[in-house]
Amino acid sequence: MSDISYSARAAGSPQLSGSLEGSWQEHDAGEIDRVRAKAQLVAERMKSEIEARTRPVQEITHELLARAPRRTESEMRDLLESELSRYPTLQRGWDGEFAKPASPDSLRDARRFLSLRPADVPLPHPELNSDGETGFFWDTGDLFAGVTFEGDGTFYFAVCHYSRGKETARDGAEDCPVGSGWPDALVGPLRKL
Amino acid sequence: MPTTVELSCRDVELKYGNSGCKCVHYRRLFAPGYCDGFSVSEHSPGMVEDDETLYRFLLPEHLTDGPLAIRPDAFRAVEALGLSVFRERHVPLRELGDRARMYAKRRGVPLSDLSLAMARCGDVRAITLSGDKSYSVYDTASEHSPAHADVCRALTFPLGTPNQRVHFKTLHRELARVFTVERGFLG
């Protein structure tokens, strides 16, 4: 099922061309031209960059992640709170026709889990998926860890180690009770960040 | 017989294409990657080739601030619904701005909020888990959307395999890694 099928059309189809054009009703011609030109320019540049790659994309991403500056604890805390507060405001369909709003139970479990964070583990990035589940993740290139809360008082997590973009080890578990705190298999790698 | 197989892949799309869980049925009925080799829609210009560029619009909720901009679970639709993408080869880039405007309007967000993600189809299909092919890309075109395609998780585990969600979570991260993102590309 497509969540963007409204916008595609057969080349030259006057019927659907109309629906695309119709989305511009409140814009003047100059603005329409500006957006069209910019979109095309950006897309052509991105496409050229992708086609010009001589190395695996995973290797490139790994290097970017490894070089990325880290946010401070205070900045991460602000980011986390801002995101977690925003999730309940998203409506059904926020990420396509079938996307569910944030589950209050999942969000509750995520906040509880966060409150049990060992002091020497860095704060995570938050995320919300289209099933309405809240999660957290860390990603440094060499290490990825992710936790998802399904809203039933449990969570599952994955920890992956990488070298030059290739996975070297994976760990994780499912159905972990939120109240039991952070599993060693998760905390151990994160303490080294 | 190849003809029978091709019809069977199309049958899945015809029967479950609008069900909200097409990926589940592709996984249930075919080996990983099998239907990548066939066109599954009569409205499609043909099966999606590995050297094609795929694109998709993203919302701020899909992104984080780091260099790996896409959040690992942003492409959760690969589990059931199918992750909608467009085939650049069959959609003129000059129409991209119009499509972006429509996408933003449908979701009630300003155009400046949209980001653009692109990936090479072959990079998506090359993602493996322990050597097993993990994702498929199907040419799920409709009459009015000939360039539409869906990415689905193709990999399955035998019933009772422990920690399946753990493995799928790492796969979601792998998928996010092969997309290049331009944030707020119309801002």
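Here is what the cut-offs are and how they apply
Residues numbered from 1 in each chain as written. Chains lettered and ligands numbered in written order. Predicted model: local features only at pLDDT ≥ 70, side-chain atom pairs only at ≥ 80, totals over all residues. Heavy atoms only, no water. Helix = DSSP H or I, 4+ residues; strand = E, 2+ residues; numbered from the N terminus. Rg over C-alpha atoms; globule rule 2.2 N^0.38 Å. Buried < 20%, exposed > 50% of the residue type's maximum accessible area, 1.4 Å probe, protein only. Contact = heavy atoms within 4.5 Å. Lys, Arg positive; Asp, Glu negative; His and termini not counted. Charge placed at Lys NZ, Arg CZ, Asp CG, Glu CD. Axes fitted to C-alpha atoms, helices over the stretch in contact; angles between N-to-C directions. Parallel < 35°, antiparallel > 145°, perpendicular 65-115°, else oblique. Left-handed = near helix turned anticlockwise from the far one by under 90°. Nonpolar A, V, L, I, M, F, W, Y, C, P; charged D, E, K, R; others polar.

A. Layout of the overall build of chain B. Each helix and strand in chain B was counted, giving five helices and eight strands. For chain B, the succession of helices and strands along the chain, N to C, is α-α-β-β-α-β-α-β-β-β-β-α-β. Here chain B has a C-alpha radius of gyration of 16 Å; the compact-globule value for 187 residues is 16 Å, and the two agree. Dimensions along the principal axes, computed over C-alpha positions, put chain B at roughly 50 × 40 × 30 Å. For chain B, the residues scored as buried account for 63% of the 187 residues in total. The contacts in chain B between residues at least 6 apart in sequence include a share of 74% that link residues at least 24 apart. Between the mean site of the 25 positive side-chain charges and the mean site of the 24 negative ones, chain B shows a separation of 5 Å.

B. How the structure looks around the packing of helix α4 (residues 73-86) of chain A against helix α5 (residues 104-115) of chain A. All names here are of chain A. Orientation of α4 relative to α5, taken along the N-to-C sense of each, is 160°, at an axis distance of 11 Å. Comparing the axis directions of α4 and α5 gives the class roughly antiparallel. Here the hand of the crossing between α4 and α5 comes out left-handed. Contact residues: α4 offers L80, E81, L84 and S85, while α5 offers L107, R111 and L114. Across the contact of α4 with α5, the residue classes break down as four nonpolar, one polar and two charged.

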